[in-house]
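# Structural overview
Single-letter residue listing:
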Amino acid sequence: MSEKKIVAPFYEKLALVLVGLLALGYLVILGKDFLDPLVFGFLFAILLLPVATFFEKKLRLPRGAAGLVAIISLVAVIYGVMYLIGSQVSNLANDWPMLSKQVSNSIHDLQNWIGSYFHINMEKQMDYVHSATNKIMSSGSEVIGTTFGAISSLMLFLVFIIIFTLLVLLYRRLLFKFLLEVSGEANAPTVRDIVENIQKILRQYILGLLLEMFIVSCVACSLFLVIGIKYAILLGIIVGLFNIIPYVGIFTALFLSSLVTFATGSPQQALFVAIGVIGIHVVDSNVLLPTVVGSKVRLNALLSFLGIVVGEMIWGLSGMFLAIPMMAIFKIIFDRIESLKPWGLLLGGEYEPKKLSAKLPSKSPKEMDAS
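Residues numbered from 1 in each chain as written. Predicted model: local features only at pLDDT ≥ 70, side-chain atom pairs only at ≥ 80, totals over all residues. Heavy atoms only, no water.

### Concerning the environment of Cys-221
If you trace the backbone, Cys-221 turns up in helix α8 (residues 188–227). Remark: the alpha-carbon pair of Cys-221 and Ile-238, spanning 17 residues in sequence, is separated by 9.7 Å. Contact partners of Cys-221, with chain neighbours within four places excluded, come to Ala-232, Ile-233, Gly-236 and Ile-237. (Helix = DSSP H or I, 4+ residues; strand = E, 2+ residues; numbered from the N terminus. Contact = heavy atoms within 4.5 Å.)

### Focus on the nonpolar core
Membership of the largest hydrophobic core comes to 29 residues, with the highest contact counts inside it found for Ile-198, Leu-202, Leu-322 and Leu-347. Listing elements by their share of this core, those giving two or more residues are α2 (32–57), α8, α12 (301–315) and α13 (317–335). In terms of residue count, α13 provides more of this core than any other element does, 9 residues in total. Excluding residues that lie within four positions of it along the chain, Leu-202 makes contacts with Leu-43, Ile-46, Asn-197, Pro-325, Ala-328 and Ile-329. Counting residues in hydrophobic clusters, the runner-up holds 19 residues, among them Ala-220, Ile-237, Val-260 and Val-273. (Core = buried A, V, L, I, M, F, W, Y, C linked by side-chain atoms within 4.5 Å. Buried < 20%, exposed > 50% of the residue type's maximum accessible area, 1.4 Å probe, protein only.)

### What to know about the packing of aromatic side chains
Summed over all chains, the structure comprises 7 aromatic pairs. Where Phe-40 meets Phe-157, the ring centres are 5.9 Å apart and the plane angle is 85 degrees; that geometry is what we call edge-to-face. On the criterion of sequence distance, the pair formed by Phe-40 in helix α2 and Phe-157 in helix α6 (residues 140–170) is long-range, its members being 117 residues apart. Look at Phe-40 and you get buried, because its relative accessible area is 10%. Among the aromatic residues, those joined into a ring-pair cluster are Phe-40, Phe-44, Phe-157 and Phe-321. (Phe/Tyr/Trp six-rings, centres within 6.5 Å; stacked < 30°, edge-to-face > 60°.)

### Notes on α13
For α13, which comprises 19 residues, the first-to-last C-alpha distance of 28 Å matches the rise-based estimate of 27 Å (1.5 Å per residue) to within 8%. At Ala-323, α13 shows its maximal kink, close to 40 degrees; a proline, Pro-325, follows between one and four residues later. (Expected span 1.5 Å × (residues − 1). Bend = angle between axes of the 7 residues up to and from the residue.)

### Let's talk about the confidence of the model for the chain
With 72% of its residues at a pLDDT of 70 or more, the chain shows a mean pLDDT of 76. The secondary structure element of the chain with the lowest average pLDDT is helix α15 (residues 365–370), at 41, and the one with the highest is helix α7 (residues 172–183), at 89. The model gives residues 351–371 a pLDDT under 50, and that stretch makes 4 contacts with residues more than four places away or in other chains. (pLDDT = per-residue confidence, 0-100.)

### Overview of the packing of α7 against α8
With their axes 9 Å apart at the nearest point, α7 and α8 run at an angle of 145 degrees to one another. Handedness of the α7/α8 crossing: right-handed. Contact with α7, carried on its side by Phe-176, Leu-179, Leu-180 and Ser-183, involves Ala-188, Val-191, Arg-192 and Val-195 of α8 and no other residues of that element. Broken down by class, the residue content of the contact of α7 with α8 amounts to 6 nonpolar, 1 polar and 1 charged. (Axes fitted to C-alpha atoms, helices over the stretch in contact; angles between N-to-C directions. Left-handed = near helix turned anticlockwise from the far one by under 90°. Nonpolar A, V, L, I, M, F, W, Y, C, P; charged D, E, K, R; others polar.)

### Some details on helix α10 (residues 249–264)
An α-helix turns once per 3.6 residues; consequently, residues spaced three or four apart project the same way. In this model, α10 (16 residues) spans 23 Å end to end at C-alpha, consistent with the 22 Å of a helix rising 1.5 Å per residue. If you check which residues of α10 are buried, you get Gly-249, Ile-250, Ala-253, Ser-257, Ser-258, Val-260, Thr-261, Ala-263 and Thr-264.

### So, a positive patch on the surface
On the surface, Lys-57, Lys-58, Arg-60, Arg-173 and Lys-177 cluster together into a patch of positive charge. On the secondary structure map, Arg-60 appears in the loop between α2 and α3 (63–94). (Patch = residues over 30% accessible without salt bridge, like charges linked within 9 Å, V, L, I, M, F, W, Y side chains within 5 Å. Areas by Shrake-Rupley, 256 points an atom, 1.4 Å probe, with all protein chains shown as cover. Salt bridge = Lys/Arg side-chain N within 4 Å of Asp/Glu carboxyl O. Lys, Arg positive; Asp, Glu negative; His and termini not counted. Charge placed at Lys NZ, Arg CZ, Asp CG, Glu CD.)

### Overview of the side chain of Asn-197
Relative to the helices and strands, Asn-197 resides in helix α8. Residue class for Asn-197 comes out buried when judged on its relative accessible area of 18%. Reaching out from Asn-197, the side chain makes a polar contact with the side chain of Arg-336 at a distance of 3.3 Å. Excluding its chain neighbours within four sequence positions, the residues that come into contact with Asn-197 are Leu-202, Ile-332 and Arg-336. (Polar contact = N/O pair within 3.5 Å; in protein donor to acceptor, adjacent residues only side chain to side chain.)

### Structural notes on unusual backbone geometry
Its identity as a non-glycine residue notwithstanding, Arg-60 has a phi of 60 degrees, on the positive side. In this structure, Tyr-231 takes a positive phi of about 60 degrees despite not being glycine. Relative to the elements of secondary structure, Tyr-231 occurs in the loop between α8 and α9 (232–242).

Now the structure itself:
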């Protein structure tokens, strides 16, 4: 007698998947300090692989030297952008007395409005302000210490990213051979297909995202210059940089640009800036993003947003940025493994089934039977 296969019910499989995801998420949270720069290192290595290959083959540089030159080139570009932002921020710091005066006048107007509408006199409002100020000043040393620690952690984080990027570029062939050996000879074509598609799609996604950021920054800078606000270049770059973070970055850029414009200009200019940022976001989301980036990574918008929220809960700001690339990697893997294809379908969204041909047979049923 043939033995019957015992098929586990769906709810049992789902429970095991959820338990596995919870355990994996807990391990990822514990290993944040190690895994975070490692994942960024892999992404930068994928981005810089063509550059390193060019230096290795065309200029005959050793593999390590080629990877190092590629990383130095990337660091030089990032330094140029940071230098431009730093010069604008220094100008903002020089105008700090004017900003403080503008903010104090705005606070005074706000106090008058609160007093007239909520019937809270100025003395009580000033007591609230002084109480909050004393609390802030009492914790000033803690704030300074926290800021210094954050800067030190950021510098160490960047150093780890550079080291991991260089090591991945140096040992990329060894890592690929390891994946082939682990998967077995029968699954080697699938592994090759997965690795090639991950490299291609992620590289296109990152380059598309950088191109989108550049276009948005140029449009925002031009719009702010037309409006005639101060620090138009700085605010335009901020709008472009925060545009990297999907769904959430636009609100941060809107708040910062409107606040700085309100402090350095008029309320009308701040309103025009807010409307301009919203308009740029609408055009970017409906025209630029689907054209430049959307064709590279096709993910479900609902699960993409949930992934960004979960990424922020796990790894903070870096988790928000890494959520989309990691979900794209999972989708590539799920689409090429038979048992995981439903999960790939879930990440990718709905699809239209192939339509059956509606053509009538050219022969009658009798003629078809006769033939």
